[in-house]
Each structure stands twice: as structure tokens, then as C-alpha cells.
Amino acid sequence: MKNIFRSGNLEKQTHPSIFLFLMAPFGIMFGYVTVTIGFLLTKAGIPLEQVAPIIAVALIPNIFKFLWAPLVDTTLTVKKWYIIANIITALGIFLTGIIPLKVESLTLIAVVIFLASLVNTIIAMSTESLLAHDTPEHLKGRAGGWLQAGNLGGFGLGGGAGLWLTERLPDAWMAGSIIALVCLLCTFGLYFLSEPT
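Please read these numbers as outputs of a predicted model, since none were measured by experiment. (Residues numbered from 1 in each chain as written. Predicted model: local features only at pLDDT ≥ 70, side-chain atom pairs only at ≥ 80, totals over all residues. Heavy atoms only, no water.)

What to know about the environment of Leu181
Note that Leu181 resides in helix 7 (residues 172–185). A residue is classified by how much of its surface remains accessible, and Leu181, at 48% relative accessible area, is partly exposed. Along the primary structure Leu181 and Ile93 are separated by 88 residues, whereas in three dimensions their C-alpha atoms are 9.6 Å apart. (Helix = DSSP H or I, 4+ residues; strand = E, 2+ residues; numbered from the N terminus. Buried < 20%, exposed > 50% of the residue type's maximum accessible area, 1.4 Å probe, protein only.)

Below you can see the structure in the form of C-alpha cells.
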């Protein structure tokens, strides 16, 4: 963090890389579901034609998120929405790690993934709102780059690290717990930004 003088007032300016951390849980959720859970389901002997709809369920909320985006702008605060969304995202990741991976559980897994993915879209909305509010004009391009790096890096982390952990730890829930904890730790990035007014 560095300070700059603007118009005679001392203002706090946070490095744009903070948006990498805030956006990471958005990507982590999709990486974890599409790569790690997809792999675990097929490894458990569930046919691909039954796994594919589970993965698709995670993507559906992104198509319709414009319908609930005004909620983030008009109710609570942006930071509160982020915290709520990140807690539910982490809980969803954790639950997908503890639900038994068998055909009889596919409906429950799909419901958990859908609900967590729906709320996960709020992470993107609130992070973008924070970027628009708390980033000087001359840094918005760099902040946008860091934001996208968080999205893509999160996807790689959720998928790659989730899969790596799953193959090395004795139980799948352990990998889900670690990935969920990483999501929760990203919340600390809010400390460095001010609340939009």
C-alpha cells in the first residue's frame, strides 16, 4: 500500500493486485467443480453423460446473473455481499467434498453446486463494484488485468490444486476443505479497500 497526494489531500491507494485475490474465489469455484469434481465423479464410475449435466449446472447462473445484479447495488453493502457470497461459495466447495460420489447423490450434488454457483456470481459483481469505486482512473486498466488474472488463476487453482490435493490426500473432503479455506482467506483483501458509497 502506498500513499499519494491528490488535490492537497492524503489518500490511500491500494495496489491493483488486490483484485486478483478478491476475484480468485469466483474462478476457484468453477475450476473445482469442472475439473476436480468432474474427475472424481468419473473416477467413481459415474458415466460421462451423467457427469456433464452436473458441470453444466455450475455455469447456468452466469447466464442469468444480470437478473440479481441490482440486489448487490441496492441492498446491504458491497463488502457484506462479498463476505456472504464467499462464505457460501466455500461451504459449497466443502459440501461437494463430503457428499458421497455415487449415482444416488447426483441430484444433491447438482443442487449444492447450483446454489453455490448462483451465490458465487455475487463475488464477481461485488469485486467489480469495488474496483470501479476504489481504483483511480489511471489504474483501472491494470486493476482489470489483475481481476482477470484472479478469475483465471482461481480456475487453475480450484481445478489444478484441487485435483492435485485429491490425488495425494487420503479423503476427498480434505482437498475440498483446503480449497474452501483458500476462498475464505481471500476475504481479507476487503480490508484494503473502502466501501462504495
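Some thoughts on the side chain of Ser129
Among the structural elements, Ser129 can be located in helix 5 (residues 106–134). The class for Ser129 is buried, based on a relative accessible area of 18%.

Description of the packing of helix 4 (residues 78–98) against helix 5
How two helices sit against one another is set out by the angle between their axes and by the gap between those axes. Where helix 4 contacts helix 5, the axes come no closer than 8 Å and their chain directions differ by 150 degrees. One element, helix 4, and the other, helix 5, form an angle in the roughly antiparallel class. Taken as a pair, helix 4 and helix 5 cross one another with a handedness that is left-handed. Counting all contacts with helix 4, which are made through Val78, Lys79, Trp81, Tyr82, Ile84, Ala85, Asn86, Ile88, Thr89, Gly92, Leu95 and Thr96, the residues of helix 5 involved are Val112, Ile113, Ala116, Val119, Asn120, Ile122, Ile123, Ser126, Thr127, Ser129 and Leu130. Taken together, the residues of the contact of helix 4 with helix 5 break down into 14 nonpolar, 8 polar and 1 charged. (Axes fitted to C-alpha atoms, helices over the stretch in contact; angles between N-to-C directions. Parallel < 35°, antiparallel > 145°, perpendicular 65-115°, else oblique. Left-handed = near helix turned anticlockwise from the far one by under 90°. Contact = heavy atoms within 4.5 Å. Nonpolar A, V, L, I, M, F, W, Y, C, P; charged D, E, K, R; others polar.)

What to know about the side chain of Asn86
Mapped onto the elements of the fold, Asn86 is located in helix 4. Contact partners of Asn86, with chain neighbours within four places excluded, come to Pro25, Ile123, Cys183, Leu184 and Thr187.

Some details on helix 2 (residues 48–64)
For helix 2, spanning 17 residues, the distance from its first C-alpha to its last is 26 Å, which sits close to the expected 24 Å at 1.5 Å a residue. Along helix 2, the largest kink reaches about 30 degrees and is centred on Ala58; proline Pro61 follows within four residues of it. Listing the buried residues of helix 2 in full gives Val51, Ile54, Ile55, Val57, Ala58 and Pro61. Packing partners of the buried residues in helix 2 comprise helix 1 (18–43) and helix 5. (Expected span 1.5 Å × (residues − 1). Bend = angle between axes of the 7 residues up to and from the residue.)

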